[in-house]
Amino acid sequence: MTLTDRAWSELQRIFPPDRVSRGPSVLDLHSRDESFHEPCRPEAVAWPTTTDEVRRAVAWAGEHAVPVTPWGAGTSIEGNPIPVRGGLVLDFAQMNRILEVRPEDFLVTVEPGVLYTDLNVELNRRRTGLFFPPDPGAAASVGGMVANNASGIRTVRYGPTRRFVKRLEVVLADGRAVEVGTLAPKTSSGLDLVGLWVGSEGTLGVFTRIVLELAPLPPEVLTALVPFADAEPATRAVAQIMGSGLGVAACEFLDRHTVRVVERAARLGLPDRPILFLEFHGTSRPGLEADARLVEEICRVEGAESFEAGVGADERARLWEARHRAYRTIREAHVGEGILIVDAAVPRSRYPELAARARQILDRRGLTGYIFGHAGDGNLHCLILGRMGDEALWASIHEANAEIVETALTLGGTATGEHGVGLGKRRFQRREHGTGLDLMAEVKRLLDPQGILNPGKIFPED
């Protein structure tokens, strides 16, 4: 659609001149995320600073039938914030205040533009002894993490973002601002409306205030590096480790291809082997060391070549920085190529089968791909690369993606473990949810009858 002169004039009355723009460079910056999906320009970008501005902007959009796409940090990799129908992008970079910290209640209230890394730095500066555990790696905003139910390396112990969202202020498609949720540690009062909005990717409402539960910082942390001769025993060990009931806070798998590219970039002295990165959280060093010894026994039985535990704080930080940077390191190693990222998850016992099947699919098609992921919670990432513009190659890449996702679904898993549906995973929604997708669509129509909120996401085009 095209903004009329009248609509543009009204929008300029909501936002001051320095916080609304139709400049080409601004539109380009908000036309794409980190994914390979085609960029789509919005027709205007605004930077709200208050709930009232968001409320007025969404009401304006409803009056003029203008699509509205919320924008956090733009780090999504499934096309989640790409404004595929044009319209208005609401960039929350200036709604980035930490409004209230309540250490005695383990709560913090933030605006959606706060970066989770900045939040944890501030909590540490105030010496609260608390932190926000979900850790997706990228410099993601809290609003974006809630919209996509992001998780990361510590999900094994702490859970995904959904686990930490207590209360939301949401602007609905008709411009009303509503509050849902509670500050109490638990409730059995009514429907879980917070859970409805978490993971909705901006299709049901726009977040303006978020109350998060925090977790105590672990008094002791121990990291272990475990190489295996082959990927199969490494992934097989994961289910045994997670079934041990020990204090595992992170359990990451990197295949040999990923280890090689990370080692070339970071020079950590990693062996040329598939590797498990493990982290243990607990209250005492002796207790963690005892846990690590038991996990070492499990890994040795499954064929681990060594078990390097007790990595120092500096080395631990370097290891996790290298793991976090795996995606960007791979991108830097393949400049000029596009990347399709598979983000499937399965029950832990089926993880070895999914990882093995993914490698077989890539090798059979002669594709370049890297396999790694949050093995402790069954989440597999597969980065498949290819020259942009090579239609035959990209047809094969998309077919490989579909094969891997279909394998995950057949194994009782999901098409997206933590990246959201966005544009990339819409095609699998019917296969995964069946008639449940029809119920989701009814909720969407109820809350957004004009379809103006982040249209084109989650739901298949049909």
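Residues numbered from 1 in each chain as written. Predicted model: local features only at pLDDT ≥ 70, side-chain atom pairs only at ≥ 80, totals over all residues. Heavy atoms only, no water.

Caption draft 1: Highlighting the overall build of the chain. The helix and strand tally for the chain stands at 16 helices and 18 strands. Taken against the 2.2 N^0.38 rule, which gives 23 Å for 462 residues, the C-alpha radius of gyration of the chain at 22 Å falls within 12% of a compact globule. On the principal axes, the C-alpha backbone points of the chain span a range of 70 × 60 × 40 Å. The proportion of buried residues among the 462 residues of the chain is 56%. Of the contacts formed within the chain by residues at least 6 apart in sequence, a portion of 72% connects residues at least 24 apart. Computed over 53 positive and 62 negative side-chain charges, the separation of the two mean positions in the chain equals 1 Å. (Helix = DSSP H or I, 4+ residues; strand = E, 2+ residues; numbered from the N terminus. Rg over C-alpha atoms; globule rule 2.2 N^0.38 Å. Buried < 20%, exposed > 50% of the residue type's maximum accessible area, 1.4 Å probe, protein only. Contact = heavy atoms within 4.5 Å. Lys, Arg positive; Asp, Glu negative; His and termini not counted. Charge placed at Lys NZ, Arg CZ, Asp CG, Glu CD.)

Caption draft 2: Structural context of the pattern of salt bridges. Summed over all chains, the structure comprises 34 salt bridges. For Arg-328, the salt bridge identified is with Glu-34, shortest N-O distance 3.7 Å. Taken together, the residues Arg-328 in helix α12 (residues 326–333) and Glu-34 in the loop between α2 (24–29) and β2 (44–46) connect sequence positions 294 residues apart. On the accessibility criterion, Arg-328 (35% relative accessible area) is partly exposed. Ionic pairing is found between Arg-300 and Glu-296, a salt bridge with its closest N-O pair at 3.2 Å. Of this pair, Arg-300 and Glu-296 are both found in helix α10 (residues 285–301), four residues apart, which corresponds to roughly one turn of the helix. Given the relative accessible area of 41%, Arg-300 is considered partly exposed. Glu-296 gets classed as partly exposed once you look at its relative accessible area, which sits at 23%. Here the residues in one salt-bridge network are Arg-357, Arg-364, Arg-365, Glu-399 and Glu-403, joined through shared partners. (Salt bridge = Lys/Arg side-chain N within 4 Å of Asp/Glu carboxyl O.)

Caption draft 3: Just the sheet that holds strand β6 (residues 107–110), in detail. Taken together, five strands build an open sheet; the order of strands is β5-β6-β10-β8-β9 and the sheet is antiparallel. What marks the edges here is a single partner per strand, and that holds for β5 (98–102) and β9 (177–181). Pairs of neighbouring strands in the sheet enclose a mean axial angle of 10°, with direction left out of account. Relative to β9, strand β8 (residues 165–171) runs antiparallel, the two being bridged by five bridges. Considered in β9, the bridge of Leu-168 is made with Val-180. Strands β8, β9 and β10 (206–213) of the sheet are contacted by helix α3 (residues 51–64), whose axis makes an angle of about 50° with β8. Running at roughly 45° to β5, helix α4 (residues 116–125) makes contact with β5, β6 and β10 of the sheet. (Pairing = 2+ DSSP bridges. Axes fitted to C-alpha atoms, helices over the stretch in contact; angles between N-to-C directions.)

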